[in-house]
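# Descriptive analysis of the structure
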Amino acid sequence: MAVATRVVLIIEYDGTDYYGFQAQSSQPTIQSELEAAIARLTGTERRVVAASRTDAGVHASGQVVSFRTESALSRRDFSAG
């Protein structure tokens, strides 16, 4: 069994087209987008935990989020740069 690793990301985004950070069943949110991207990258669904949340239409810079994964991907694989 693989050991779970906590991945911490510092993110920024333009929230114009989103209904805040926290996942909602019928609206696009930042959390939903992040979780979908992580699932595509790792092949498993994971819940993202945020240090803070934003309201609808709000932008963020330096927001901290984390999740656990058993993926063998390197830290670089989770980086945008």
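Given the structure is predicted, the values throughout are model-derived calculations rather than measurements.

### Considering the nonpolar core
Ranked by size, the top nonpolar core spans 13 residues in total, and within it Leu-9, Ile-11, Phe-21, Leu-34 and Val-65 carry the most contacts. Looking at this core, the elements with two or more residues in it are β1 (5-13), α1 (30-42) and β3 (60-69). The element that contributes the greatest number of residues to this core is β1, accounting for four residues. When residues no more than four places from it in sequence are discounted, the contact partners of Phe-21 are Tyr-13, Thr-29, Ile-30, Gln-31, Leu-34, Val-48, Ala-50, Ser-52, Arg-53, Thr-54, Gln-63 and Val-65.

### A few points about the environment of Thr-16
Along the polypeptide, Thr-16 turns up in the loop between β1 and α1. The sequence separation of Thr-16 and Gln-63 amounts to 47 residues, and the corresponding C-alpha distance is 16 Å. Excluding its chain neighbours within four sequence positions, the residues that come into contact with Thr-16 are Gly-57 and His-59. Here the side chain of Thr-16 touches Asp-14 through a polar contact of 2.5 Å, side chain to side chain.

### Topic: the sheet that holds β1
The sheet built from three strands is open, its strands ordered β1-β3-β2 with antiparallel pairing. One side of each edge strand has no neighbouring strand; the edge strands of this open sheet are β1 and β2 (49-50). Examined bridge by bridge, β2 and β3 share two bridges and lie antiparallel to one another. Across the sheet, the residue bridging to Val-49 is Ser-66, located in β3.

### Digging into the pattern of salt bridges
Applying the stated criterion to the full structure yields two salt bridges. Of the charged contacts in the structure, one is a salt bridge between Arg-47 and Glu-35, with a shortest N-O distance of 3.2 Å. Taken together, the residues Arg-47 in the loop between α1 and β2 and Glu-35 in helix α1 connect sequence positions 12 residues apart. Judged by its relative accessible area of 54%, Arg-47 falls in the exposed class. The exposure class of Glu-35 is buried, given its relative accessible area of 15%. Among the salt bridges present, the one from Arg-46 reaches Glu-70, with a minimum N-O distance of 2.3 Å. With Arg-46 in the loop between α1 and β2 and Glu-70 in the segment after β3, this pair connects stretches of sequence that are 24 residues apart. The class of Glu-70 is partly exposed, set by a relative accessible area of 35%.

What counts, and at which threshold
- Residues numbered from 1 in each chain as written.
- Predicted model: local features only at pLDDT ≥ 70, side-chain atom pairs only at ≥ 80, totals over all residues.
- Heavy atoms only, no water.
- Core = buried A, V, L, I, M, F, W, Y, C linked by side-chain atoms within 4.5 Å.
- Buried < 20%, exposed > 50% of the residue type's maximum accessible area, 1.4 Å probe, protein only.
- Helix = DSSP H or I, 4+ residues; strand = E, 2+ residues; numbered from the N terminus.
- Contact = heavy atoms within 4.5 Å.
- Polar contact = N/O pair within 3.5 Å; in protein donor to acceptor, adjacent residues only side chain to side chain.
- Pairing = 2+ DSSP bridges.
- Salt bridge = Lys/Arg side-chain N within 4 Å of Asp/Glu carboxyl O.

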